[in-house]
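Below are the chains, spelled out letter by letter.
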Amino acid sequence: MSLDAYAAGAAYVDGRYMPVAQAAVPVTHFGWRRSDVTYDVVGVWEGSFFRLDDHLARFAASRAELRMTPDESDADLRAILHRVVALSGLRSAYVSMECLRGAPAPGQPRHPAFVRPYILAFAIPWVTLAPAEMMARGMHLMVSDTLRIPPESVEPRAKNFHWGDMTRAQFEALEAEADYAVLPDREGNVTEGPGFNVFSITDGVVATPVRGGLDGITRLSVMELCDELGLRLEVRAIPVEEFRAADEIFTCTTAGGIMPASRIDGRRMNNDRPGPISTRLLERFWEKRAEGWHATPVDYAAAEE
Ligand code: PLP
C-alpha cells in the first residue's frame, strides 16, 4: 500500500497495520460493549515522542489494573508506536495505544477472564483541547454538579473510556456557557476534567489534586517545572471553594500541553486573561520541548519494514 493511503493516519489492530479509516472494533467485543479497555495517549511534536517511556510504563500499569496481558511485549509496543507514526509520516501526531477485550468464544462463560485482550494503536494528526483563540483568552471553566466516578468504582489512574460523568458534565458546561467542566468528588474536592488535570495557584503556591484523577504525564512535567522555577507545589485535596477563589487556574494534558484558564464559574481571574505564573510555566514547557526535553525521535525508517 502506498504511504499516501496513510496520510490521514495509520493504525495497528491485533497484528495488522492499516490506514486509520480502516481500523475498527467488532461490535460484539467487550472493549466496545463494556468499556473493557484501557488506553494511553502519547504526543509526537516536531518528529519526536514526548515522554514515551512514561506513557509506556503507565499503559503497562493500567493493563495490570485491568488484568490484561496482550501478546505484545513492551518492546513490541514501542516498535508499533514508531511504525504507526512512521507510516503516517506525521511530524506532529496524537498517538493512541489501547488494550481491549474481544468477545467470548461460543460456549465460554461470559466472564472477562476468558476473553483474550488485544492491542490496537493509531497515529492521527495532532489534536488539541484548546484551539489558539481559547489559549489566548484563557479557558472558561466551571465546576459541575456531576461528580467524578469514585476511584473505589473505576480507578481513574488506569486511563479509561468510562466517560459518562465527563460527558454529562460537559453538557452542564455548555449550559453555563463555559468551555469545560471540572468534576468534584463526593468529599467536595476537585478532581479533573474531560481529558485534563487541574492546578490552582493561590498566593504563589501551586496545588494539584492528590486523588480522583489520572496521574497525568503533563502534570508530572508541570511538577518538574515547578521544581526548576522554584515554585512551591502542593499535591493535596483542593476543596471546590478554594478552587473557585484561586488567583490562577490552569489545566494540562498531552493534547494541548499547559492550558491556562481565565474564568471559573463566571468569575474573571487576572483581568479575564491567563495568569502570570501559568503563563511562565506554559512558556518554559514549550521552551524545554524545543530543546528536546524528554524527547525520543520517531524512527521514520520503520515505515519501510
Ligand atoms: N485526565 C484525563 C481524564 C485524561 O483523559 C487525560 C489525558 O487525556 C489527562 C487527565 C491528562 O493526562 P496526560 O497529561 O497524561 O495526557
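Located above this text is the structure these notes cover.
Residues numbered from 1 in each chain as written. Predicted model: local features only at pLDDT ≥ 70, side-chain atom pairs only at ≥ 80, totals over all residues. Heavy atoms only, no water.

Participant: Help me understand the site of the ligand in this model?
Facilitator: Near the ligand lie 17 residues; those nearest to it are Lys159, Glu192, Ile217, Thr218 and Thr254. Contact distances for the ligand include 2.5 Å between an oxygen atom and a side-chain N or O atom of Lys159. With respect to the ligand, the side chain of Glu192 contributes an N or O atom lying 2.7 Å from a nitrogen atom. Here the ligand, which alone exposes 390 Å², has 93% of that area covered by the protein. (Near = heavy atom within 4 Å. Polar contact = N/O pair within 3.5 Å; in protein donor to acceptor, adjacent residues only side chain to side chain. Areas by Shrake-Rupley, 256 points an atom, 1.4 Å probe, with all protein chains shown as cover.)

Participant: What is the right way to look at unusual backbone geometry in this model?
Facilitator: A negative phi angle characterises most non-glycine residues, just as the trans form characterises most peptide bonds. Residues other than glycine seldom take positive phi values, yet Glu177 does so here, at roughly 60 degrees. Residue position: Glu177 is located in the loop between helix 5 (164-175) and strand 8 (180-184). On the accessibility criterion, Glu177 (71% relative accessible area) is exposed. For Asn271, which is not glycine, the phi dihedral falls at a positive 55 degrees. Take Asn271: it is sitting in the loop between strand 15 (267-268) and helix 8 (276-290). (Helix = DSSP H or I, 4+ residues; strand = E, 2+ residues; numbered from the N terminus. Buried < 20%, exposed > 50% of the residue type's maximum accessible area, 1.4 Å probe, protein only.)

Participant: What's the story with the nonpolar core in this structure? I'm lost.
Facilitator: Most often, soluble globular proteins keep nonpolar side chains buried together rather than apart. Judged by nonpolar contacts, the single largest core of 28 residues is most densely connected at Val44, Phe49, Leu81, Val85 and Val95. Elements with a minimum of two residues in this core: strand 1 (10-13), strand 3 (37-45), helix 2 (52-65), helix 3 (74-88), strand 5 (93-101) and strand 6 (117-125). Tallying contributions element by element places helix 3 first for this core, with seven residues. Filtering out sequence-adjacent residues up to four positions away, Val44 remains in contact with Phe49, Val85, Arg91, Ser92, Ala93, Val95, Trp126, Val298 and Tyr300. In terms of nonpolar packing, the next biggest core, distinct from the first, is built from 21 residues, Ala130, Tyr180, Ala207 and Ala261 among them. (Core = buried A, V, L, I, M, F, W, Y, C linked by side-chain atoms within 4.5 Å. Contact = heavy atoms within 4.5 Å.)

Participant: Even after reading the chapter, I still don't get the side chain of His55, so can you show me in this structure?
Facilitator: For His55, the location among the structural elements is in helix 2. Side-chain polar atoms of His55 contact the backbone oxygen of Val41, separated by 3.1 Å. Once you skip the residues sitting within four places of it in the chain, His55 turns out to touch Asp40, Val41, Val42, Phe50, Met97, Ile217 and Thr254.

Participant: In this structure, what is going on with the packing of helix 6 (residues 217-229) against helix 8? I would like to understand it.
Facilitator: To characterise two packed helices, one gives the angle between the axes of the helices and the distance between these axes. Packing of helix 6 against helix 8 brings their axes to within 10 Å, and their N-to-C directions diverge by 105 degrees. Put simply, helix 6 runs roughly perpendicular to helix 8. From helix 6, Thr218, Ser221, Leu225, Cys226, Glu228 and Leu229 reach across to helix 8, where they touch Arg280, Leu281, Arg284, Phe285 and Lys288. For the contact of helix 6 with helix 8, the residue count by class is five nonpolar, two polar and four charged. (Axes fitted to C-alpha atoms, helices over the stretch in contact; angles between N-to-C directions. Parallel < 35°, antiparallel > 145°, perpendicular 65-115°, else oblique. Nonpolar A, V, L, I, M, F, W, Y, C, P; charged D, E, K, R; others polar.)

Participant: What's the story with the pattern of salt bridges in this structure? I'm lost.
Facilitator: Two side chains carrying opposite charge are able to pair once their charged atoms lie near each other. Taken as a whole, this structure holds 27 salt bridges when the rule is applied. Between Arg211 and Glu152 there is a salt bridge; the shortest N-O distance is 3.1 Å. One end of the pair, Arg211, is in the loop between strand 11 (205-208) and helix 6; the other, Glu152, is in the loop between strand 7 (139-143) and helix 5, with 59 residues separating them in the sequence. Owing to a relative accessible area of 38%, Arg211 belongs among the partly exposed residues under this scheme. (Salt bridge = Lys/Arg side-chain N within 4 Å of Asp/Glu carboxyl O.)

Participant: What am I meant to see in the sheet that holds strand 2 (residues 16-19) here?
Facilitator: Pairing in this open sheet of seven strands is antiparallel, and the strands run 2-1-6-5-3-4-16 from one edge to the other. With one partner strand each, in any of the chains shown, strand 2 and strand 16 (295-297) form the two edges of the open sheet. Within this sheet the neighbouring strands show an average axis-to-axis angle of 25 degrees, counted without direction. Running at roughly 35 degrees to strand 6, helix 3 makes contact with strand 1, strand 2, strand 3, strand 4 (48-50), strand 5, strand 6 and strand 16 of the sheet. (Pairing = 2+ DSSP bridges.)

Participant: Help me understand the pairing of strand 10 (residues 196-202), please; the structure alone is not making it clear to me.
Facilitator: Successive residues of a regular strand alternate their side chains across the two faces of the sheet. The element strand 10 is largely enclosed, with a buried count of six among its seven residues. In this sheet, strand 10 lies alongside strand 9 (residues 190-193) in antiparallel orientation, the contact comprising two bridges. Counterpart to Gly193 in the pairing with strand 10 is Phe196. Here strand 9 folds back onto strand 10, and the loop between the two strands holds two residues, one of which, Gly195, carries a positive phi near 100 degrees. Summarising the sheet, strand 10 and strand 13 (residues 248-253) pair through five bridges and their orientation is antiparallel. Among the inter-strand pairings, Phe199 is bridged to a residue of strand 13, identified as Phe250. Strand direction decides the pairing type here: strand 10 and strand 11, joined by three bridges, are antiparallel. Bridge pairing links Ile201 to Val206 in strand 11.

Participant: Is there a simple way to think about the pairing of strand 8 in this case?
Facilitator: Counted residue by residue, strand 8 has five buried out of five residues, so it is predominantly covered. Of the two faces of strand 8, the one lined by Tyr180, Val182 and Pro184 and the one lined by Ala181 and Leu183 are each fully buried. With three bridges connecting them, strand 7 and strand 8 associate as parallel partners. Bridge pairing in strand 8 places Leu141 opposite Tyr180. Note on the crossover from strand 7 through helix 5 to strand 8: the handedness is right-handed. Here strand 8 hands over to strand 9 after five residues, with Gly188 in that stretch at a positive phi of 85 degrees. (Right-handed = clockwise from strand over helix to strand, strands pointing away.)

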